[in-house]
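# Fold and geometry: a report
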Amino acid sequence: MKRDEWKSRLGFMLAAMGSAVGLGNIWRFSYVAGENGGATFLLIYIFFILAFGIPLLLTEFSIGKAGKKDAVGSFMRLAPGTKWHWTGVMGVIGGTLILSFYSVVCGWSLYYLFHYLIGDFWTEPTGGFGQSFENWTSTTWEPLFWQFLFMIAVVLVVIRGIKRGIERANLIAMPALAILMVVLAVYSLTLDGASEGLAFLFTPDWSQFGNPQVYLAAMGQAFFSLSIGIGGMLTYASYLKSNDRLPTATVGIGIMDTVFAVIAGIVIFPAVFSFGGDVTDGPPLVFITLPSIFASMPAGGLVGIGFFALLVMAAYSSALSMLEVPVAYVHRTLGLSRKAAAIVCGTVIFAIGVTVSLGYGIWSHVTIVENKNILDSIDYITGNYILPLGTMLMAIFVGWYWTKDQAIKRSEINTPILQSSWYFIIRYIVPVAILVIAITSIVDK
Ligand code: TYR
């Protein structure tokens, strides 16, 4: 049977942007930036995107486009008889784990959107949003219901495949997302505390530049946000036609993703400063701090609808790409139809997600890494270890396993100076830098 493919390069670009722009840009970016000093973090983050992220995105795309299979199969085809396919296996496991906690947060977002739509959250509930968030997430069944609903929506589109499912969904979601985001940012800029919020986001605290944890956090966030390291982008690129070129698409996707993160910061931080929130609130920032802010601002209910619609849409297009990683693999190897593969993978992910969700309720005493609950532990392990390790292995694969000619040809870069800079970054800088950052941050602990 002929393998599915993107109808157009634009469709691929929008889907890859949809994958990149997600909860990572809004929910994760805002709390990681908030906890790591705002502007200092932003600068280091942008540095990682430009210097490593975009070259690595091209690396991952080129493996997928040359391999023309899922994350594991592409490595098997390109490096038969070696152990390289374990990079893909790690990606399949990483994608499964990330989606298991991602879908929990998606469920929360959907619940919030629903309660904004029916007007429940337009005013602060008794006891405040913090209390109501805690009460609600600690119940057993309701969060699971919303998470389940979300996963069904994701599975249904992935079943339809690339051209008819994922590409179509993104064709609508991405432009809508961009418009909504800009509207909210413009609104946020009119708030009283806008200048304070912007200062937090854009005026760095130089003393923080020596802190290795900020680098680790910024690198993890850059990889997470660009969706690299677990083969999601590899899998998407494997559905490209051979005449669809990579480099400009890659740069476009990297820049759009960063612009979205910065705009999300412009939406969130002015609002937090205007209404006396705390930027170091951590993961609940967008679920507790922002709703309190919306409740105290004029037309805040409508802003809340806009914001949570945005969050759900962004999360949705990313979740599609995460599910595609194991689905493509299982579909090829277990001889299951695409439909069966999507249902099997969706069920496994939901099942792991159940434990994540219960980590806010009856299993809140369970900690895996340090004193982190289940969600924070999986996020920590995948974001700080699996993604950097996955990207590093892909860089080594392209930089050392492939010949220079193969690497450059498959990167499709035409300009000689860009060819050699990209190759140098992938071959030397990335592996060394990732190792140094990982080791320093472990020693620093
Ligand atoms: N980039 C997505 C976000 O920012 C998360 C993601 C990570 C999506 C890896 C897909 C993927 O393969 O939310």
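Residues numbered from 1 in each chain as written. Predicted model: local features only at pLDDT ≥ 70, side-chain atom pairs only at ≥ 80, totals over all residues. Heavy atoms only, no water.

An unreviewed UniProt entry lists the protein chain under the name Sodium-dependent transporter, with Allobacillus halotolerans as the source organism.

Here helix 15 (residues 338-358) contains 21 residues, and its C-alpha end-to-end distance of 30 Å stays within 8% of the 30 Å for a straight helix at 1.5 Å per residue. For helix 15, every residue scored as buried is listed here: Arg 338, Ala 341, Ala 342, Cys 345, Gly 346, Ile 349, Phe 350, Gly 353, Val 356, Ser 357 and Leu 358. Looking at the buried positions of helix 15, the neighbouring elements they touch are helix 5 (85-117), helix 6 (128-137), helix 7 (141-159), helix 8 (162-189), helix 14 (300-333) and helix 16 (374-401). (Helix = DSSP H or I, 4+ residues; strand = E, 2+ residues; numbered from the N terminus. Expected span 1.5 Å × (residues − 1). Buried < 20%, exposed > 50% of the residue type's maximum accessible area, 1.4 Å probe, protein only. Contact = heavy atoms within 4.5 Å.)

To continue, consider the environment of Leu 290. Within the fold, Leu 290 resides in helix 13 (residues 289-296). Along the sequence, Leu 290 and Phe 129 sit 161 residues apart, while their C-alpha atoms lie 9.2 Å from each other. Excluding residues that lie within four positions of it along the chain, Leu 290 makes contacts with Ile 268, Ala 271, Val 272, Leu 285 and Phe 307.

Attention shifts here to the site of the ligand. Close to the ligand lie 15 residues, the nearest being Ala 20, Gly 24, Tyr 102, Phe 224 and Ser 227. Within the side chain of Tyr 102, an N or O atom sits 2.6 Å from an oxygen atom of the ligand. Taking Ser 227, its side chain carries an N or O atom lying 2.9 Å from a nitrogen atom of the ligand. Taken by itself the ligand offers 340 Å² of open surface, and the protein chains cover 100% of this. Those elements that place two or more of their residues in the shell around the ligand are helix 1 (9-20), helix 2 (23-35), helix 10 (212-225) and helix 14. (Near = heavy atom within 4 Å. Polar contact = N/O pair within 3.5 Å; in protein donor to acceptor, adjacent residues only side chain to side chain. Areas by Shrake-Rupley, 256 points an atom, 1.4 Å probe, with all protein chains shown as cover.)

With that settled, consider the state of the cysteines. According to the stated counting rule, one finds zero disulfides in the structure shown. Note on Cys 345: no disulfide assigned, nearest cysteine sulfur contributed by Cys 106 at a separation of 17 Å. By relative accessible area, Cys 345 is classed as buried at 6%. (Disulfide = S-S within 2.5 Å.)

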